[in-house]
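Understanding the architecture of this molecule
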Amino acid sequence: MDDTLTALALRESEELHRITLMNMSDAVFITNDEGSFTFICPNVDVIFGFGPDEVRSMKRISHLLGRDLVDHAQLAVHGEIRNIEHEVATKRGTRRALLVHIKQVAIKGGTTLYVCRDVTERKESERALRRNEERLTLALEAASMGMWDLHVPSGEMSWSPETHRILGDPAGDKTPSFDSFLELVHAADRARVSQAMIDAMDQGGSYETEFRVVGYDDVERWVMGKGKAVRNGKPLRMLGVVVDFTDRHRLEDERRELSGRLIHAHEQERIRIARELHDDVAQRLSLLAVELSSLARHADKVPSDIHERIVQLSAHAATLGSDLHRMSHELHPATLEQLGLETAIRAFCRELSNAHGIAIDVNVRAVAHPLPQDVALCVYRVTQEALRNAVRHSGASTAIVTLAATADEIVLNVTDSGAGFDVRAPRDRASLGLRSMLERVWLVNGQLAIHSKKGEGTRIEARVPLQNAG
Ligand SMILES: Nc1ncnc2c1ncn2[C@@H]1O[C@H](COP(=O)(O)OP(=O)(O)O)[C@@H](O)[C@H]1O
Ligand SMILES: [Mg+2]
């Protein structure tokens, strides 16, 4: 009776083992000291593609695995060998990556237990991840883009090779840290950069800013930094990129210098033409007018229709003279240097008003005279172009000019309530007005904003610093 029970319990236990083995994805084998199979798990085909009978007919495990994996000496010492990486060919000829554990046992008439785990997919995804990382690194390097990663609680930071390079450490010897990074930021930019990064950390947001670094190699480089913070209740991690903008800045500087020279040459030429018109042509014209009017005074000596004609010609010469005067003034306002920006703008507005019948309201607050000459000329030219555009394109009957100055900057607004236009629409290449305004303001380190919407009028705002921040 007892024997029957024991036999039953044994059978149940074996059944349980069988079920467990069948449902495992690992393949399990037991061999004797010579490597001949004494046990083959029933699910061996899941990994190898061969059924248990096919495997049994191979006799030795080295035939199934392709070679003998056991280091007998090591197994004797440690009793087991874990995590042997091994590749096998399956029945279908595909290759699988295995992780094999070998253990000394004494069951099923054997001495050595093999557990083979299929790690092909894990290996594949690891490889894919590595490939992706390599590709990303290559792409980032091709774009002169360095990466960094800061673990906030521990302060641990990593820099990609390109980040090291941008920071003047091409060999990658320096130890990355947030503090050493900030120390490399140009002193004039440091507070701003550090604030942008700290704000992003506090709010879990991102930042983007351009700044200079003075690298370990003492070379100054312009970089564009972008970063994003990750929080879990408190700052956790910050990831960012730095892009080397040095070449771009150099090109921009050259372009800025060139367009500065062009605008300067342009202004010089205007001065020359204005002077010629004023001093020469206008003088000769007023002489002509004087002679014509003195001729007209001798009315008794000429027939009346000719006298009439002379009077007309004399009036004509006078209008021409004042037109020339206005043109010369518009080309280069002598008042700007002599009487200052406010007076020059008021005079220009008066002339434009008279010529085109548009009412212009001029408000000036606290603009001291004299201003730096380039600033005054820039603001004057922007006012001119903005008002000319209002006259030509807006259809408005009124415009407002406001000019206000603080200790640091001068702010010009030219507003009309006319037709407005789509600021983002591509503009005719021949249109130079808006472009030259932008260029002029940019040249004196200012900012120009164009606010306009179809049907809602236009406001041009220029902000120009009074101390030229280089
Ligand atoms: N105040 C304005 N009101 C309406 N449209 C304007 C105004 N200013 C500029 N624009 C539009 O923008 C275009 C570009 O202006 P601009 O660069 O000065 O060139 P241009 O005056 O030679 O056409 C104008 O042709 C016009 O369509
Ligand atoms: Mg224009």
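This text goes with the structure placed above it.
Residues numbered from 1 in each chain as written. Chains lettered and ligands numbered in written order. Predicted model: local features only at pLDDT ≥ 70, side-chain atom pairs only at ≥ 80, totals over all residues.

1. Brief notes about the site of ligand 1
How we decide: We call a residue near a molecule or strand when the C-beta position, derived from backbone atoms, sits within 6 Å of it. Helix and strand definitions follow DSSP, with helices as H or I runs of at least four residues and strands as E runs of at least two, each counted in order from the N terminus. Asp, Glu, Lys and Arg are counted as charged, while Ala, Val, Leu, Ile, Met, Phe, Trp, Tyr, Cys and Pro are counted as nonpolar; the rest, among them Gly, fall into the polar class.
Looking at ligand 1, there are 16 residues lining it, with Asn-389, His-393, Ser-394, Ser-431 and Gly-433 nearest. The leading source of residues in the shell around ligand 1 is helix H14 (residues 373-394), at 5 residues. For the shell around ligand 1, the residue count by class is 5 nonpolar, 8 polar and 3 charged.

2. Quick notes on unusual backbone geometry
Leave glycine aside and you will find that most residues have negative phi; peptide bonds, for their part, are mostly trans. Phi angles above zero are rare outside glycine, and Asn-83 is one such case at about 55°. With respect to the secondary-structure elements, Asn-83 resides in strand E3 (residues 80-89). Its identity is not glycine, yet Asn-445 carries a phi of approximately 60°, on the positive side.

3. Structural notes on the sheet that holds strand E7 (residues 156-159)
The strands that make up a sheet are held in pairs by hydrogen bonds between backbone atoms, and each pair lies either parallel or antiparallel. Heads up, the rule is: Any two strands with at least two DSSP bridges between them are considered paired. Here an angle of 0 to 180 degrees is reported between the N-to-C directions of two axes, which are lines fitted to C-alpha atoms, with helices fitted over the stretch in contact.
Pairing within the open sheet is antiparallel, and its 5 strands lie in the order E7-E6-E10-E9-E8. On the outer flanks of this sheet lie E7 and strand E8 (206-214), each paired with one strand and no other. Ignoring which end each strand starts from, the neighbouring axes of this sheet average 20° apart. Here strand E6 (residues 145-151) runs beside E7; their pairing, made up of 4 bridges, is antiparallel. Note on E7: the bridge partner recorded for Leu-150 is Met-157.

4. Here we look at the nonpolar core
Selection rule: Nonpolar cores are built from buried Ala, Val, Leu, Ile, Met, Phe, Trp, Tyr and Cys residues. These are joined into a set through C-beta atoms within 7 Å. Each residue is classed by its C-beta neighbour count within 10 Å, where at least 20 other C-beta atoms makes it buried, 12 or fewer makes it exposed, and intermediate counts make it partly exposed; the C-beta atoms are placed from backbone geometry. Think of it this way: build a C-beta for each residue from its backbone, and any pair within 7 Å is a contact.
By size, the foremost hydrophobic cluster in this structure holds 33 residues, and its most contacted members are Val-379 and Val-382. Sorting the residues of this core by element identifies helix H13 (341-356), H14, strand E12 (398-405), strand E13 (409-416), helix H15 (433-443) and strand E15 (458-465) as the ones contributing at least two each. The element contributing the most residues to this core is H14, with 11 residues. When sequence neighbours within four positions are dropped, the list of residues in contact with Val-379 reads Leu-341, Ile-410, Leu-412, Ala-462 and Val-464. In terms of nonpolar packing, the next biggest core, distinct from the first, is built from 21 residues, Trp-159, Met-197, Trp-222 and Val-242 among them.

5. Let's talk about the packing of H13 against H14
The line we're drawing: Should an angle fall under 35 degrees it is taken as roughly parallel, and over 145 as roughly antiparallel, whereas 65 to 115 is taken as roughly perpendicular and any remaining angle as oblique. Here is the rule for handedness: rotate from the far helix to the near one, and if that takes an anticlockwise turn smaller than a right angle the crossing is left-handed, while a clockwise turn gives right-handed.
Where H13 meets H14, the closest approach of the two axes is 10 Å, and the angle between their N-to-C directions is 15°. As summarised for this structure, H13 and H14 are arranged roughly parallel, according to the angle between their axes. Crossing angle aside, the handedness with which H13 passes H14 is right-handed. Seen from H13, the contacting residues are Leu-341, Ala-344, Ile-345, Phe-348, Leu-352 and His-356; seen from H14, they are Ala-376, Val-379, Tyr-380, Thr-383, Gln-384, Leu-387 and Val-391. For the contact of H13 with H14, the class distribution of residues is 10 nonpolar, 3 polar and no charged.

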